[in-house]
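One-letter residues, chain by chain:
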Amino acid sequence: MRRRAALLIGFALAATACSATTGEIAATAPAPTTASTATTSTSGAPSPAADRAAGLASGEGPPGQILGIGDDYFPQLGNPGYDVEHYTLDLVFDPEETELGAVATITATATADLDTVNLDFSSLIVSAVFVDGAAAAFTAIDEELTIAPAAPIAAGEDFVIDVEYSGSPRTAGSAAVPFGVGWQTVGNQNYVVAEPDAAHSWFPANDHPLDKATYTFRINVPEDVVAAANGTLVDRLTDLGRVTWVWELDSPMASYLATVVIGDFTIVEDPAAGAVAGVPIRHVLPAGTTVTDWPGLERLGEMVAFLAELFGPYPFANYGIAVVNGFGAALENQTLSLFDRNVARSFYFEDVLVHEAAHQWFGNSVSLGRWADIWLNEGFASYAEWLWIEREAGRDAMERAIAAERADYAVAGLTAPGVPPSFDLFNRAVYRVGAMTLHALRLTVGDDAFFDILRTYAAMFADQSVTTADFVGVAETISGVELDELFDAWLIDPKVPEFPAAGGS
Ligand SMILES: [Zn+2]
C-alpha cells in the first residue's frame, strides 16, 4: 500500500459508499446477516450438524475452540484446521443497482479433525452452503461463517465448500486503518481495496496471509462493462447481452490482495514494456486512454527489469496496474496494482510505480506470517524507491535523500517500525524507518552481501509467509555478521539510530 493522502480521501470515500448503496436485496433474500445478528440455516442437514452449528451460534462452541488463526493483531482473523488450495469466485454483478449474486467455491485440505469449518465473512447474506455437494448447516454471526458438514471431516481429507450469497457489497470498518476498506463503488466504477482485513467483506475466506491460495474469478456483467481481476484473462463468454470475464491466478495469493475492477475501462496490453520486463504487461485503464496518456507508465517494464536484477526473477505470470477514481492512494494487488487516477497524474507517480512493483516480491510473493511485521512489506517497497533514485541519479543523490528523511524522522517521535500500533499499522515509520533499516543493513554488510540477502530471502520464501526472524536469519547467514543489535536498534528502539559507517566488501 502506498499511504500518501489516503486518510482524508479514504474517509470521504467511506461516507460516499455508505450512502450510495442500498439494502434492496434484503427484501428478496433470507434474513439479513448484519453485525451482531445471527442467521442459522438447518434446512437439508441432519440434526446433529444443525445442533453443532446452533451451539456455536449461541456461543457454545467446542471447548478450547480458537476463532482466529493466531495473529495477535487480528485475533478473529483467519481460521486454523484447514488449508485453502483454491477459491473460485462466480460473481454476477449488477452495476446499476450495485448488487452482487455470488457462489464462492473453496477447495481445501483439513489439517485437523473438523466437526465444523469456520470462514471469515461479513456484510453479505448467505443463502446456502454445501460441503462436497451436500447441503450443510451454517451460522453467520458477526464476521464468522460457521459451517457444520453432514459428517465431520478427518485431518488430511480434501473437501469443497460452496457458499451462495448476495447483497450490496460495501466498504467495511477496519481494525487497522481509519477508513472503509473492501468493495468500493465510486460513480460507475467498482473495485476492491482490502488490505489488511477486508477480503472477507466481499467473499468468504480464510482471511489471513498465512493461508495463501490460487484463484479463479468469473465475473458476469452487462456486455458494455469491463470486469478485470488478478492474473490472466483466459476467457470472455458472451450470452444474452451479458459477458462473463474469466481470470485465472495460478500463483498463491493472500486474500487481502484479491481484487476485481469493474466499469468503463479498457484492457491495454503493452508488449514493448513486456519485452523489457520479461513478463507480459497489461493494464486496466479508464476507457479511451492508453499507456501514453499516463506519463511514466511507459517505464514500468524497465522498472520490473531493474527490480528483477536486484531481487531475482519477477515472481508472477504477468503484471500491470488499474487506474481508478476516488481511492486516494495505491495498493499492490497481486499482478494488478491499483492506482488512484490522481496518483497516476502526480509528480511522484514513478516512485509509486516502483513501490507497488517491488511489493510483488516483498509482500505478495513473500507474505507476512503476522501483521505486526508489516515493515517487511512497506520498508522493502519504500527502499525500492530509493534504489530507483540511485539508478536514475546516482548513489550520492540517494544518500542525500535518505539522510534528509532520517533527520526528519529522528525528531518526529514515531513508533518504531517493528512494533506498530495495531490501530495504525501503516504509519509513516513502518515505511520510511523500515526502509532506513534496510539501508543500515546495506551499510553494515556491504552491497554484495546485501543484494545476495534480498535475492536469497525472495527465493527461499517465495509463495510463503514469514516473520522478521526469517529475514534476520537469512541476513546473518549470508553476511556472517551477528545482526540482532542492528535490527533491535532500528526496529524496536523508538529512537532513530545514526547510520553505521559503510562496511562489508
Ligand atoms: Zn506499500
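Model, not experiment: these values are computed from the prediction.

Peer 1: Tell me about the overall build of the protein, and please be specific about residues and values.
Peer 2: The number of helices and strands found in the protein is 12 helices and 24 strands. Out of the 505 residues in the protein, the part that is buried amounts to 58%. A sequence separation of at least 24 residues applies to 71% of the contacts in the protein between residues at least 6 apart.

Peer 1: Explain the sheet that holds strand β17 (residues 260-263) to me, and be specific about the residues and the numbers.
Peer 2: With antiparallel pairing, 5 strands are arranged side by side in an open sheet as β10-β11-β12-β17-β14. Strands with a single pairing partner mark the edges of an open sheet, and in this sheet they are β10 (171-172) and β14 (226-229). Where strand β12 (residues 189-193) meets β17, 2 bridges bridge the pair, whose relative direction is antiparallel. What sits directly across from Asn-190, in β17, is Ile-262.

Peer 1: Requested: an account of the pairing of β14, with residues and values cited.
Peer 2: Here β14 shows a buried face lined by Val-226 and Ala-228 and a second buried face lined by Ala-227 and Ala-229. One ladder, built from 4 bridges, connects β14 with β17; its direction is antiparallel. Bridged to Val-226 within β17 is Gly-263.

Peer 1: If you had to explain the sheet that holds strand β13 (residues 213-222) to someone new, which residues and values would you point to?
Peer 2: Spatially, 8 strands are ordered β6-β5-β9-β3-β2-β13-β16-β15 in an open sheet, and the strand pairing comes out mixed. What marks the edges here is a single partner per strand, and that holds for β6 (134-135) and β15 (232-239). Of the pairings in the sheet, the one linking strand β5 (residues 125-131) to β6 comprises 2 bridges and is antiparallel in character. Each residue of the ladder has a partner; that of Phe-130, found in β6, is Ala-135.

Peer 1: Go over helix α6 (residues 349-359), please, and point to the residues and values.
Peer 2: Of all 11 residues in α6, 9 are buried; the element is thus mostly enclosed. Turning to α6, its buried residues are Phe-349, Val-352, Leu-353, Val-354, His-355, Glu-356, Ala-357, Ala-358 and His-359.

Peer 1: Residue-level account of the nonpolar core, with values.
Peer 2: The biggest cluster of nonpolar side chains holds 160 residues, and the ones touching the most others in it are Tyr-165, Phe-217 and Phe-471. Here the element with the most residues in this core is helix α9 (residues 428-445); it accounts for 10 residues. Here this core spans two domains, and each of domain 1 (6-32 + 84-109 + 154-263) and domain 2 (367-491) adds at least three residues to it. If we skip the residues at most four places from it in the chain, Phe-217 touches Leu-89, Trp-202, Ala-229, Asn-230, Trp-245, Val-246, Trp-247, Met-253, Ala-258, Thr-259 and Val-260.

Peer 1: Lay out the confidence of the model for the protein with the relevant residues and their values.
Peer 2: Mean pLDDT over the protein works out to 88, with 87% of the residues at or above the 70 mark. Low pLDDT (under 50) marks residues 4-64, which in the prediction has 102 contacts with non-local residues, meaning those over four places away or in another chain.

Peer 1: Requested: an account of unusual backbone geometry, with residues and values cited.
Peer 2: Both trends apply: most residues other than glycine have a negative phi, and most peptide bonds are in trans. In the segment running from Glu-195 into Pro-196, the intervening peptide bond is cis, with an omega of 0 degrees. Relative to the elements of secondary structure, Pro-196 occurs in the loop between β12 and β13. If you check the backbone angles, Ser-123 has positive phi at about 80 degrees while not being a glycine. Here Ser-123 is to be found in the loop between β4 (117-120) and β5. Taking the relative accessible area as the measure of exposure, Ser-123 reaches 36% and is therefore partly exposed. Even without a glycine there, the phi angle at Thr-335 is positive, about 65 degrees. Tracing the sequence through the fold places Thr-335 in the loop between β21 (330-331) and β22 (337-340).

Peer 1: With reference to specific residues and values, describe helix α8 (residues 395-410).
Peer 2: Compared with the 22 Å implied by 1.5 Å per residue over 16 residues, the 22 Å span of α8 between its first and last C-alpha is a close match. Every buried residue belonging to α8 is among Ala-397, Met-398, Ile-402, Glu-405, Arg-406 and Tyr-409, and all of these are buried. Lining the buried residues of α8 we find α7 (375-393) and α9.

Peer 1: Describe a negative patch on the surface, and please don't skip the residues or the numbers.
Peer 2: Where like charges cluster on the molecular surface, the negative patch consists of Glu-85, Asp-113, Asp-115, Asp-132, Glu-157 and Asp-158. With respect to the helices and strands, the residue Asp-115 is situated in the loop between β3 (99-110) and β4. Classification of Asp-115 by relative accessible area gives partly exposed; the value is 39%.

Peer 1: Help me get a handle on the pattern of salt bridges, residues and values and all.
Peer 2: All told, the structure shown has 15 salt bridges when counted by the stated rule. Two residues, Glu-390 and Arg-395, come together in a salt bridge whose shortest N-O distance is 4.0 Å. Given the relative accessible area of 18%, Glu-390 is considered buried. Take Arg-395: its relative accessible area is 28%, and that puts it in the partly exposed class. We note a salt bridge from Asp-447 to Arg-442, for which the minimum N-O separation is 2.9 Å. When its relative accessible area of 2% is taken as the criterion, Arg-442 is described as buried. One salt-bridge network, held together by shared partners, links Arg-299, Glu-302, Glu-350, Arg-391 and Glu-392.

Peer 1: How would you summarise the packing of α7 against α9 if you had to cite specific residues and measurements?
Peer 2: Direction vectors running N to C along α7 and α9 enclose 65 degrees, while the axes themselves pass 7 Å from each other. As far as their axial angle goes, α9 and α7 are roughly perpendicular. The handedness of the crossing between α7 and α9 is right-handed. On α9, the residues touching Trp-375, Glu-378, Gly-379, Phe-380, Ser-382, Tyr-383, Glu-385, Trp-386, Leu-387 and Glu-390 of α7 are Val-430, Tyr-431, Arg-432, Gly-434, Ala-435, Met-436, Thr-437, Leu-438, His-439 and Arg-442. Residues that form the contact of α7 with α9 fall into these classes: 10 nonpolar, 5 polar and 5 charged.

Peer 1: Quick one: what's the story with the pairing of β12, residue by residue and with numbers?
Peer 2: The side chains of a regular strand alternate, residue by residue, between the two faces of the sheet. Across the 5 residues that make up β12, a large majority, 5, are buried. Going residue by residue along β12, you find Gln-189, Tyr-191 and Val-193 tucked away on one face and Asn-190 and Val-192 tucked away on the opposite face as well. Pairing geometry for strand β11 (residues 181-186) and β12, over 5 bridges, is antiparallel. Bridging from a neighbouring strand, Thr-185 pairs with Asn-190 of β12. Counting the residues that bridge the hairpin from β11 to β12 gives 2 residues, and of these Gly-187 lies at a positive phi of roughly 60 degrees.

What counts, and at which threshold
- Starting from 1, residues in each chain are numbered consecutively following that chain's sequence as written.
- This being a predicted model, a pLDDT of at least 70 is required before a residue's local features are given, and a value of 80 or more before pairs of side-chain atoms are given or counted; all residues contribute to the totals for chains, interfaces and linings.
- In computing side-chain values, all of the structure's heavy atoms are included and hydrogens and water are not.
- Runs of H or I in DSSP of at least four residues are treated as helices and runs of E of at least two as strands, each being numbered from the N terminus.
- Exposure categories follow from relative accessible area, calculated using a 1.4 Å probe and restricted to protein chains: below 20% of the type maximum is buried, above 50% is exposed, and the middle band is partly exposed.
- Note on definitions: a residue-residue contact is assigned when non-hydrogen atoms from the two residues lie within 4.5 Å.
- Between any two strands, pairing holds if DSSP finds at least two bridges.
- Residues grouped as a nonpolar core are buried Ala, Val, Leu, Ile, Met, Phe, Trp, Tyr and Cys residues, joined through side-chain atoms within 4.5 Å.
- Residue ranges assigned to each domain were obtained from an automatic or database domain assignment.
- Within a predicted model, pLDDT stands for the predictor's per-residue confidence, ranging from 0 to 100.
- Helix span, expected: 1.5 Å multiplied by one less than the number of residues in the helix.
- The residues that make up patches have over 30% relative accessible area and no salt bridge, and they are joined within 9 Å when like-charged or within 5 Å when they are Val, Leu, Ile, Met, Phe, Trp or Tyr.
- Residue-level accessible areas treat just the shown protein chains as cover; the underlying method is Shrake-Rupley with a 1.4 Å probe.
- Salt bridges, as used here, are contacts in which a Lys or Arg side-chain nitrogen is within 4 Å of a carboxyl oxygen on Asp or Glu.
- We score Asp and Glu as negative and Lys and Arg as positive, and we do not count His or the chain ends.
- Here the site of a charge means NZ on Lys, CZ on Arg, CG on Asp, or CD on Glu.
- What counts as an axis is a line fitted to C-alpha atoms, over the stretch in contact for a helix, and the angles between N-to-C directions run from 0 to 180 degrees.
- What sets the label is the angle itself: under 35 degrees gives roughly parallel, over 145 gives roughly antiparallel, 65 to 115 gives roughly perpendicular, and the rest give oblique.
- Helix crossings are classified by the rotation of the near helix relative to the far one: an anticlockwise turn of less than a right angle makes the crossing left-handed, while a clockwise turn makes it right-handed.
- Residues are grouped as follows: nonpolar covers Ala, Val, Leu, Ile, Met, Phe, Trp, Tyr, Cys and Pro; charged covers Asp, Glu, Lys and Arg; every other residue, Gly included, is treated as polar.

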